[in-house]
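# Examination of the molecular architecture
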Amino acid sequence: MKNMMSGFKDFIMRGNVVDLAVGIVIGGAFTAVVTGLLDGIINPLIAAIFGQPDISGVGQFEINESLFSIGVFLNAVLNFLIVAAALYFIVVAPLNHLAERRARGKEEEPEPMEQDVILLQEIRDLLAAQRPGATSTEPPHSSHGL
């Protein structure tokens, strides 16, 4: 039981679970901002142009007692585009810019050496240590004069 609780604690404390929780909270708060933009600016503008409270009432027609509404689809597309644009310009673009600035200040870490290269370097260092007066950083000298 203790092991299961420890595993649950590790699961909850992982970065991606915490990031997801923060994303959901921010998404909820951001929804209120987008709703305010739609209700306060976009929908009154649409009402002034089309004479409807929102675009969902535009382009309605009936065929065989079935009501079709192009405006409902257009309203969903418009809402999606507004949310996507607002998220991109208010959240994504500034965070990408911040990450880019942070990355400029860091040096790239060198790629780790392969195990065979490390072993060859150790062999070289051991051989160099066996010669009197040699250091491990000097390249070996050829006795053939080449």
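Here goes a summary of the coordinates provided. Please read these numbers as outputs of a predicted model, since none were measured by experiment.

The subject of this paragraph is the overall build of the protein. The helix and strand tally for the protein stands at four helices and two strands. Going residue by residue from the N terminus, the α and β elements of the protein occur as α-α-β-β-α-α. Classification of the 146 residues of the protein by burial places 8% in the buried group. Once local pairs closer than 6 in sequence are excluded, the contacts in the protein between residues at least 24 apart make up 23%. When the accessible surface of the protein is totalled, it reaches about 12,400 Å², and 65% of it is carbon and sulfur.

Looking now at the environment of I55. Secondary-structure assignment places I55 in the loop between α2 (15-50) and β1 (60-63). Since its relative accessible area comes to 12%, I55 is described here as buried. In this structure the C-alpha to C-alpha distance between I55 and F73, which are 18 residues apart in sequence, comes to 9.1 Å.

In this structure, N64 takes a positive phi of about 50° despite not being glycine. Tracing the chain through its elements places N64 in the loop between β1 and β2 (66-69). A residue is classified by how much of its surface remains accessible, and N64, at 73% relative accessible area, is exposed. Even without being a glycine, E65 presents a positive backbone phi close to 65°. Mapped onto the secondary structure, E65 falls in the loop between β1 and β2.

Reading guide: rules and limits
- Along each chain, numbering runs from 1 in the same order as the chain's sequence is written.
- A pLDDT threshold of at least 70 governs which residues receive local features in this predicted model, and a stricter bar of 80 or more applies before side-chain atom pairs are shown or counted, although totals over entire chains, interfaces and linings include all residues.
- In computing side-chain properties, one takes all heavy atoms of the structure into account and sets aside hydrogens as well as water.
- Where helices and strands are cited, they refer to DSSP runs of H or I of at least four residues and of E of at least two residues respectively, numbered from the N terminus.
- Between buried and exposed lies partly exposed: a residue is buried under 20% and exposed over 50% of the maximum accessible area for its type, with that area taken using a 1.4 Å probe on protein chains only.
- What makes two residues a contact is simply this: any of their non-hydrogen atoms within 4.5 Å.
- Values of accessible area rely on a 1.4 Å probe in the Shrake-Rupley scheme; residue burial ignores everything except the protein chains shown.

Honestly, that's just the spatial picture; any functional story needs more than this.
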